[in-house]
Each structure stands twice: as structure tokens, then as C-alpha cells.
Amino acid sequence: MTIIKKFEPVKNEKGFSKKYILFSFLFILTLVILEIWIQNNMVLYGGKLEKISKLEESLEMENQLLENQIATQSSLTSLASKSAELGFSKVEKIQYIR
Amino acid sequence: MRIFWIKSIFFLFLIAIISRLFYWQILQSEKLQSQAEQQHFENAQVLAKRGNIYFSDGSILASSNPAFLLYALPKTISSADKPTLAKKLARFLIKDEAKADDWSGDILSKLSQDLYWVQIAKNIDVETKKEIEENNLAGIGFELSSLRFYPEGSSSAQLLGFVGFDERDKSTGYFGVEGFYNGELKGVGGTVKNERDAFGLPILTGSFFQTQAKNGKDLHLNLDRSIQFIVENELKKGLIKYGAKEALAVVMEPKSGAILAMASYPNYDPALYFNFPAEYYKNPAVAQAYEPGSTFKVLVMAAALNEDLVKPDSKCEICSGPIQLGGFTIRTWNNKYFPQESMNDVIVHSDNTGMVFVGQKLGLDKLYPYLEKFGLGKLTNIDLQDEALPPLREKNQWREIDVATASFGQGIAVTPIQMITAVASLANGGKLMEPHVVKSIVEEDQTFEITPKVVGETVKEEVAKVITEMMVKAVSEGEAKWAKPKGFKIAGKTGTAQIPIAGHYDPNKTIASFVGFAPADNPKFAMIVVYSQPQTSIYGSETAAPTFFEIAKELFTYYKIASDE
């Protein structure tokens, strides 16, 4: 007796398997959680950035004020009056050494 | 029937909802969108820092100080609190209690306006801002701005100019360097727009737009701080000593045309320019024309020497007495006459008749091109905003008497900067240089050097040497010899010009001046000193010359130039 194998079409196994769908879902979920976590952290950094920006602004301002104070203190008008207070006076007659 | 009514009610609801949505989404969309943007976004203007101005040694002549604009938000302050707030603010802003009461009234009227935002005061310094902030007053805020700062006070005021506000309330440079280089100094402001959360903090992952602010360029001047200080001190002393109405001095490096010092009195404080009369703002060294008088003789003599029409020992044939010309009598300043005097002596004695002789030798056809060569009738192109141009009469409008009077510096107008530039050309072997205040312009890491520029040749080099020797004699043997520092070779010439008033010259009102350079053999500086209407003496030899020599003495020490004696 000849047994003839019943011809059955091969099942298409290329579609998404349950395992694959689950893996994708977990991956997306991880990404979403990660994004939420990063966003949360970023909000905290926003506060820090604001603080740093304000600090930078105030330091720049302080720098400018100090620079101007130095310029005032070392101005010739100021130096002339300070040297006069200390008793310095202009040389009236210059002696040349030859 | 009931179903009909229910359907109708639902239909009306639907119409109402659609209408409301249409109102919000279509009619009010732009407004709501902008309101939402205002809530989510912060828009800020970033100020560009105005460039600094430095002396040649790198010290600051003008910089910027942080300042603040104080504003209030009247709608956020209750009516009951407004009078108290106005009083408190006035106390902080005005230290004088009496004036503070007046001010509180002004502030209160501002706070009572039906506005969201009002400006209370501007240009508040950091200290006052801190004091106000410590009181935690509600409904007010500050905006950062800046204020010009001058560590040397009113030094170089007219050369520098000032920073004021234009018609759009934007800070702008006026007059002098601030005015001329306003485009370079002001910079370009920027903007920042970023998304903010409910607490007003920036969202780092949100939208962020920025237009970077570009700070103004810094200017490094040729102006020497020490020389400027010396010149200002001596000029101030001279102004008081000689009772002059105005005084000015310019010191230039003849080889490069670099302006080493420029001062004039009366001057003003550029930080408080609004407290001074507007006529003080212009720099007389470049903006005021005057008749140069006898200082002009060296230029006319140089022209005649260059044309080989006279020599230093040529004799004057018309110097034995007053000269009658075109209905006018030309005399010497002291009515003393020296028949057959040499050209050397014409300069030494500052003899008007001798110069008429030289003028006649030249004639208009030869004199006129030299006036142009020396820079008359043209701007010197100095880099200052307010340079004036006294007109040089057209050649066809000159009469014989005009040539005669021009030969001794009357009937012709120049600015002090034109005069010093012309004389400096004699100190520079005949090369006329363009005067320059700024040495370099610095933008972040780039530097633009302004190189010396030769404008033309006035006389031949050998003629420049000859006229220099004549000017040296004028100093050592002339009327001002008593004031000359011993052992130094200085070339110079005094000038006393009467001031034309209502068509005639007032003999008691003069412009006394001295122009020269030193050391004569290798000039380090050329200088002009001018006093307007001095009271103690009308003569340049007794007023401007002593100031010139006092400044020169200090410059010799500064440049380490030793006396020959």
C-alpha cells in the first residue's frame, strides 16, 4: 500500500510571534519610563541652570564694578591728590648726570 | 413631541458649543495663542555692552557701569498701598528728604495710572537697587541697563563726548570720540526666548531661540594719559592766571599725526553732561574757527622759501614804516620798524610789514595753492564728530589787501587742529599727516590698527629745516624768550589776533596763541596753545607762550630729553 502524504500548505511563520510583541512592548515601556525619568531630572536642572545664570550675571556685574573701582583708584586725578596728601611735590629743578 | 423638544434642546446646545469653539478657535485664536506663549515662554532682551575707551597705556578713559531701570506694575498694587510705596521709593531714590517728598508725589501719580507697567526711575546704581530689594516691596521690578563711567572724571571731556539718549530713548554717543565711533562702540543687542515651567524655571528640553548679542568694539586711543594730565593742569592754571575766557591745547606726534593730548576749558563732566550748558559740548580744538594771527606767518614764509622767492637773509625792502594798501594802513604790532631787516628777523620780530613783503613776492597765484597744501579749506578728517570747516574764500574773491593781511594771519580763519596739523608738517620734513585720535579698534580677538596716513607734501624737506631754524630763532630771540626753558631747542611762533566784531577788529579782545614743536632737531611733539580774550595781557608771548613752555618742560622730563645746559 502506498501512503500518499496529504498535501498541506506550509504555515506562514514570518508574522509577529507573541514573544516578539511582548519584547517590543517592554522595550517601548522602558523607553517611556526612561523619558519620564529624564524629563523629571531635567526639570530639576532647569532650576540649577537658572541659579547658575543668575550667579554668572551677578559675578560679571561684580567684576565690572571692581574693574571700575580699580580704574578710579589708579586714575591720575586720584594718584595726584594722594601723592599731594603724602607730601610729594613736583621737581622744580632737574639735575642731569652727564 | 417630547422627543422633538429634547432634540431641539440638544441642537441648541450643539449650536452654542460650536459658536463658543468658533469664538475661541477662530476669532480669539491669535490673542489666546499669544497669552499662552507669554505664559510658557520668556522673552528677554540681551543688552550689548558698549565698548570701552582706553588711553594709549591701556588705562580706562570710559567704560560702563551696571545700572537699573526701576518699574512698577500698578495693577498688582492695591490702592491703599500705593502712597506708602511711593514714599518709600522716593526715600531710596532721593537722599534729600525735602526733595523726596516732591518725588513721592510724582511716583504716586505714576502708580495711579491705568497701566500694567510704568517706569519709575532709570540709571539706578547697584547700591540703591540692593537697598530697595532688601525691603521686599511688592509690585516693583528692575531691568538691567548700563551707565557710562569715567574714572578720570571730566578729563578729555570734549575730546571724548558723552553718551545720551536719542528720540527713541536708546543710548547714543554724541560729540567727540563717542559720537564719531558710535557705530563701533554701541554693539548689537540680542534676544532670548525659552520655554518656562509653572515656576518660571527654564525647561531644558523645551523650545529655545537665541539671537546672540554682539558687544561693542573697544577703542584704544593715541591719547597719552600722562601728557593729557600735564596739559590739562597747566592749561587750567593758565586760564585762571591770565583771566582768559576760553583755553585750549593740542599735542600731536608730528611723524604720525597721533593726537597725544587735547584739552579745552571750560569743560564739562561727561557723566553729568545734562547739568552743563550745551555750548560746552563742542570741542573748540576742532569745531571753532579763529584768525591765527602771527602763528600763520611761518606757513606763508615756508611757502615763499619753498618757491625760492626769499632766503633767510633776504632783505625786506618795504619795512621802514607803515604800509598803505587799498585804503588801509598796515603797521607792526608795536609800531617799531626795521628797515632792510632779514627774513629771519621778520619772523623774530613778528613783523607784519615784512610779511606783506613776502606776501607780495608770492602773489595770490602762488600763495593760494600753498594755503590748500597746508590744509586750509579742507577738513583734516580727524576722527572726532564735530570738526568744523572754516571756508577758504574763492580765489577770484581775493583783493590785494586780502593777500597782505593773510600773510600775517588776519582775515583768514582756521581751526586749531588745522593749524597744528599744518605746523606739524614742518616738523615732519614737509609731510602733512592726517590727525588721528584712535590708534586701534579691538573686537573680541581681532585688532584693527589705524596706520598713519600722509595727506600730502607742504614744502621740501630742506625748506622744512630752514623754516625750523627760523622758528628756533623766533623762540630764543623773540618776545617770548624770557619764558623759554634753558638748554632745549624749541621751534615756535607766537600769535596775537584781534577778534572781528561787527565788521571791525576790537583791539582789546584778542586770541593769543603759540604754536611750535620740540626738540627742533628731532621733534617728539608739536603743540598749540590758544587763549581766547586773556585779561592780564592781550599778547600770545605773555600768555600762551609761557603755558606752552611749562607744558614742554614737563614733556622733556616725561620723554627723558636732557637739557644741553
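As the structure is a prediction and not an experimental result, all values here were calculated from the model.

Here we take up the overall build of chain B. Assigned secondary structure in chain B consists of 17 helices and 21 strands. On C-alpha atoms alone, chain B measures out to a radius of gyration of 33 Å, which is more than a quarter above the 24 Å that the 2.2 N^0.38 rule sets for 565 residues. Counting the 565 residues in chain B, one finds 44% classified as buried. Taking the contacts inside chain B whose residues are at least 6 apart along the sequence as the reference set, 72% of them involve residues at least 24 apart.

All names here are of chain B. Here three strands make up an open sheet; going across it, the order is β1-β8-β9 and the pairing antiparallel. The outermost strands of the open sheet, each flanked by one partner alone, are β1 (41-46) and β9 (208-211). Between one strand and the next, the sheet's axes are offset by a mean angle of 10°, whatever the strand orientation. For β1 and strand β8 (residues 190-195), the ladder comprises six bridges, and the chain directions are antiparallel. Residue Phe-41 lies in a different strand from β8, and its bridge partner there is Glu-195.

Attention now goes to the pairing of strand β16 (residues 438-443) of chain B. Residues and elements named next belong to chain B. Across four bridges, strand β10 (residues 218-221) lies against β16 in antiparallel orientation. Bridge pairing in β16 places His-220 opposite Ser-440. Direction of pairing for β16 relative to strand β17 (residues 446-449): antiparallel, over a ladder of four bridges. Bridge assignment links Ile-441 to a residue of β17, and that residue is Phe-448. Counting the residues that bridge the hairpin from β16 to β17 gives two residues, and of these Glu-444 lies at a positive phi of roughly 45°.

The next point concerns the nonpolar core. Residue and element names in this part refer to chain B. Among the nonpolar cores identified, the biggest contains 128 residues, and Ala-249, Val-250, Met-301, Val-423 and Ile-467 are the most heavily contacted of them. It is helix α13 (residues 352-373) that contributes the most residues to this core, nine residues altogether. Once you skip the residues sitting within four places of it in the chain, Val-423 turns out to touch Val-298, Val-515, Phe-517 and Ala-526. Of all hydrophobic cores here, the second largest spans 13 residues; its members include Ala-86, Leu-89, Leu-111 and Ile-120.

It is worth spelling out the sheet that holds strand β11 (residues 246-253) of chain B at this point. Residues and elements named next belong to chain B. Here five strands make up an open sheet; going across it, the order is β12-β11-β21-β20-β19 and the pairing antiparallel. Edge positions in the open sheet fall to β12 (258-265) and β19 (491-501), since each of these has one partner strand only. Between one strand axis and the next, the sheet turns by 15° as a mean value, whatever way the strands run. Contacting β11, β12 and β21 (525-532), helix α9 (residues 225-241) runs over the sheet at an angle of about 30° to β12. Across the face of the sheet, helix α17 (residues 544-558) comes into contact with β11, β19, β20 (504-518) and β21 while running at roughly 145° to β21.

Once that is clear, we can look at helix α1 (residues 2-27) of chain B. When the terminal C-alpha atoms of α1 of chain B are compared, their 36 Å separation across 26 residues agrees well with the 38 Å that a helix rising 1.5 Å per residue should span. Burial within α1 of chain B is sparse, with just zero of its 26 residues counted as buried.

Sites flagged by UniProt as "transmembrane region" (unreviewed entry) map to residues 20-38 of chain A. Between the C-alpha atoms that bound residues 20-38 of chain A the distance is 27 Å, and the span itself is 100% helix and 0% strand.

The subject of this paragraph is α17 of chain B. Residues and elements named next belong to chain B. Over its 15 residues, α17 runs 21 Å from end to end, which matches the ideal 21 Å to within 8%, given 1.5 Å per residue. Burial runs high along α17: twelve of the 15 residues are buried. Within α17, burial applies to Ala-544, Ala-545, Pro-546, Thr-547, Phe-548, Phe-549, Glu-550, Ile-551, Ala-552, Glu-554, Leu-555 and Phe-556. Considering only its buried residues, α17 is in contact with α9, β11, β19, β20 and β21.

Attention now goes to the interface of chain A and chain B. In this complex, chain A contributes 20 residues to the contact, which on the side of chain B involves 22 residues. In terms of residues, the side of chain A that touches chain B owes the most to one element, helix α1 (residues 18-73) of chain A, which gives 14 residues. Classifying every residue of the side of chain A that touches chain B gives ten nonpolar, nine polar and one charged.

Residue and element names in this part refer to chain B. Sheet topology note: the strand β6 (residues 162-165)/strand β7 (residues 171-174) ladder contains four bridges and is antiparallel. If you follow Phe-165 over to β7, its bridge partner there is Ser-171. Hairpin connection, β6 to β7: the antiparallel pair is bridged by five residues, and Asp-169 has positive phi, about 65°.

Moving on, we come to the packing of helix α11 (residues 297-306) of chain B against α13 of chain B. Residue and element names in this part refer to chain B. As a packed pair, α11 and α13 sit with axes 9 Å apart at the nearest point and diverge in direction by 80°. Taken together, the axes of α11 and α13 are roughly perpendicular relative to one another. Counting all contacts with α11, which are made through Lys-297, Val-300, Met-301, Ala-303 and Ala-304, the residues of α13 involved are Met-355, Val-358, Gly-359, Lys-361, Leu-362, Leu-367 and Tyr-370. Residue classes in the contact of α11 with α13 are distributed as nine nonpolar, one polar and two charged.

Residue and element names in this part refer to chain B. The peptide bond linking Tyr-265 to Pro-266 adopts the cis configuration, its omega dihedral lying at 0°. Residue position: Pro-266 is located in the loop between β12 and α10 (284-287). Between Ala-518 and the following residue, Pro-519, the backbone shows a cis peptide bond with an omega angle of -20°. Looking at where Pro-519 falls in the secondary structure, it is placed in the loop between β20 and β21. A positive phi angle, close to 60°, is found at Asp-308, a residue other than glycine. Position of Asp-308 relative to the elements: it lies in the loop between α11 and β13 (323-325).

All names here are of chain B. In contact at an axis separation of 8 Å, helix α3 (residues 82-93) and helix α4 (residues 97-111) are set at 130° when each is read in the N-to-C sense. Classified by the angle between their axes, α3 and α4 sit oblique to one another. Here α3 and α4 pass one another in a crossing that is right-handed. Contacts from Lys-82, Pro-83, Leu-85, Ala-86, Lys-87, Leu-89, Ala-90, Arg-91 and Leu-93 in α3 reach Ala-100, Trp-103, Ser-104, Ile-107, Leu-108 and Leu-111 in α4.

Our focus in this paragraph is the environment of Lys-87 of chain B. Residues and elements named next belong to chain B. Position of Lys-87 relative to the elements: it lies in helix α3. Residue Lys-87 is classed as partly exposed on the basis of its C-beta count, with 16 C-beta atoms lying within 10 Å. As for Lys-87 and Leu-108, which are separated by 21 residues in sequence, their C-alpha atoms are 8.1 Å apart.

Residues and elements named next belong to chain B. Structurally, the position occupied by Lys-431 is in strand β15 (residues 431-433). Remark: the alpha-carbon pair of Lys-431 and Gln-33, spanning 398 residues in sequence, is separated by 68 Å. With residues near it in sequence (within four places) discarded, Lys-431 still touches Ser-425, Val-454 and Glu-457.

Here is what the cut-offs are and how they apply
Numbering of residues starts from 1 in every chain and runs along the sequence as written. Note on labels: chains are lettered from A, ligands numbered from 1, in written order. With pLDDT at 70 or above as the cut-off, local features in this predicted model cover only qualifying residues; side-chain atom pairs require 80 or more to be listed or tallied, and sums for whole chains, interfaces and linings still use all residues. The helix count covers DSSP runs of H or I at least four residues long, the strand count covers runs of E at least two residues long, and both are numbered beginning at the N terminus. It is over C-alpha atoms that the radius of gyration is taken, and the globule rule equals 2.2 Å times the number of residues to the power 0.38. Labels follow a simple rule on C-beta atoms placed from the backbone: if 20 or more others lie within 10 Å of a residue's own, it is buried; if 12 or fewer, it is exposed; otherwise it is partly exposed. This entry defines residue contacts through backbone-placed C-beta atoms, with two residues in contact when those atoms are within 7 Å. Strand pairing is assigned whenever DSSP identifies at least 2 bridges connecting the two strands. Think of each axis as a best-fit line through the C-alpha atoms, taken over the contacting stretch in the case of a helix, with angles from 0 to 180 degrees between the N-to-C directions. To form a nonpolar core, buried Ala, Val, Leu, Ile, Met, Phe, Trp, Tyr and Cys residues must be joined through C-beta atoms within 7 Å. Working rule for helices: expected span equals 1.5 Å times residues minus one. UniProt positions are given in the numbering used here, feature names are shortened, and annotations may be inferred rather than shown by experiment. Gly is put with the polar residues, along with every residue not named as nonpolar or charged; the nonpolar set is Ala, Val, Leu, Ile, Met, Phe, Trp, Tyr, Cys and Pro, and the charged set is Asp, Glu, Lys and Arg. Note on terminology: angles under 35 degrees are roughly parallel, angles over 145 are roughly antiparallel, angles of 65 to 115 are roughly perpendicular, and the others are oblique. If you view the pair so one helix is near and one far, a crossing is left-handed when the near helix is turned anticlockwise from the far one by less than a right angle, and right-handed when it is turned clockwise.

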